[in-house]
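Working through the structure, step by step
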Number of protein chains: 2
Amino acid sequence: MDSPPAPIARTPEPPYYAVIFTSRRTEGDAGYAAMSERMVDLASRRPGFLGLESVRGADGSGITVSYWESEESISGWKRDVDHLGAQRQGRERWYEDYAVRVAKVERAYGR
Amino acid sequence: MDSPPAPIARTPEPPYYAVIFTSRRTEGDAGYAAMSERMVDLASRRPGFLGLESVRGADGSGITVSYWESEESISGWKRDVDHLGAQRQGRERWYEDYAVRVAKVERAYGR
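Considering the overall build of chain A
In terms of helices and strands, chain A carries three helices and four strands. The linear arrangement of helices and strands in chain A, starting from the amino end, is β-α-β-β-α-α-β. Computed over C-alpha atoms, the radius of gyration of chain A comes to 14 Å, within 12% of the 13 Å expected from 2.2 N^0.38 for 111 residues, which places it in the range of a compact globule. A buried classification covers 47% of the 111 residues belonging to chain A. When the 16 basic and 17 acidic side-chain charges of chain A are each reduced to a single mean position, those positions are 3 Å apart.

Written out as structure tokens, the structure is:
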């Protein structure tokens, strides 16, 4: 691969929030890659953004988890004008299926 | 790909719990694929198991999210003897890095 492995987000001590976005992509790019990159960039500059982890498999299945300080920071990003446009195109063109789950991280551990 | 795309878990209405497991694999299989399949099979037969979504990218980054009825069902699975063995091998051989986050899903929506 040309790009380094996606890093594991270095989040603060819980509690904080996670948005778990699970998806299955349609075939073809249709502007997806550029928009996806732009959304990650925009999200990471929102207030309350803590980090993001994203993986897509060769079969088109993807999981993106973004981490946020508060529910308010999540709803702010959900209502962002550019993000609303991406959400609409996601429903219409890019995703065969998806699920969004908003969860409060209560504990965390790792290496 | 030979296998169909990983399905999106059909979970009940929130609240329920999510275990977000983010990892970076070491190179080579070293028994990982077989153990991984076995763990998914064992987990799915545990009381309180609601579903699982798992994606690994070509760069070795992976995200697995398992869904559970309660914190008790999560701690039961964490202490499972076979799972404890897999956790140890994961730390020693299979994962360069990983993070585990336990979160309470408060709301969910999708297609």
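After presenting the structure, the write-up continues.
Regarding the relation of the copies chain A and chain B
Copies of the same chain, two in number, are related to each other by a rotation about an axis and a translation along it. With an RMSD of 0.0 Å, chain A superimposes on chain B once it is rotated by 180 degrees and translated 0.0 Å along the axis. The operation mapping one copy onto its partner corresponds to a two-fold rotation axis. Interface residue correspondence from chain A to chain B reaches 100%, placing this contact among same-surface, isologous pairings.

Regarding the environment of R93(B)
Residues and elements named next belong to chain B. Positionally, R93 belongs in helix α3 (residues 81-94). In this structure, the C-alpha to C-alpha distance between R93 and Y32, residues 61 residues apart in sequence, is 8.9 Å. Excluding its chain neighbours within four sequence positions, the residues that come into contact with R93 are T26 and A30. Polar side-chain contacts of R93 include one of 2.4 Å to the side chain of Q89.

Looking at the environment of W77(A)
All names here are of chain A. Along the polypeptide, W77 turns up in helix α2 (residues 71-78). Taking the relative accessible area as the measure of exposure, W77 reaches 9% and is therefore buried. Along the backbone, W77 and A43 are 34 residues apart, and their C-alpha atoms lie at a distance of 6.9 Å. Those residues within four positions of W77 in sequence are excluded, and the remaining contacts are M39, L42, A43, R46, W68 and H83.

Some points on the interface of chain A and chain B
Taken together, the contact between chain A and chain B spans 51 residues of the former and 51 residues of the latter. For the pair chain A and chain B, the summed buried area comes to about 4,300 Å², and 55% of that belongs to carbon and sulfur atoms. Ranking the residues of chain A by area buried against chain B places R101(A), Y109(A) and R111(A) at the top, with a combined share of 19%. Of the charged contacts, one joins R10(A) and D97(B) as a salt bridge, the two residues approaching to 2.5 Å between their closest N and O atoms. Applying the counting rule to chain A against chain B returns 21 residue pairs in polar contact (both at pLDDT 80 or more).

Quick word on helix α2 (residues 71-78) of chain B
Of all the positions in α2(B), only S73(B), I74(B), G76(B) and W77(B) are classed as buried. Projected down its long axis, α2(B) shows its buried positions confined to an angular sector of 160 degrees, all on one face. Looking at the buried positions of α2(B), the neighbouring elements they touch are β4 (95-110) of chain A together with β1 (16-25), α1 (32-44), β3 (61-68), α3 and β4 (95-110) of chain B.

Rules behind the numbers
- Residues numbered from 1 in each chain as written.
- Chains lettered and ligands numbered in written order.
- Predicted model: local features only at pLDDT ≥ 70, side-chain atom pairs only at ≥ 80, totals over all residues.
- Heavy atoms only, no water.
- Helix = DSSP H or I, 4+ residues; strand = E, 2+ residues; numbered from the N terminus.
- Rg over C-alpha atoms; globule rule 2.2 N^0.38 Å.
- Buried < 20%, exposed > 50% of the residue type's maximum accessible area, 1.4 Å probe, protein only.
- Lys, Arg positive; Asp, Glu negative; His and termini not counted.
- Charge placed at Lys NZ, Arg CZ, Asp CG, Glu CD.
- Least-squares fit on C-alpha atoms with pLDDT ≥ 70 in both.
- Contact = heavy atoms within 4.5 Å.
- Polar contact = N/O pair within 3.5 Å; in protein donor to acceptor, adjacent residues only side chain to side chain.
- Buried area = accessible area lost by both parts, 1.4 Å probe.
- Salt bridge = Lys/Arg side-chain N within 4 Å of Asp/Glu carboxyl O.
- Arc of directions from axis to C-beta.

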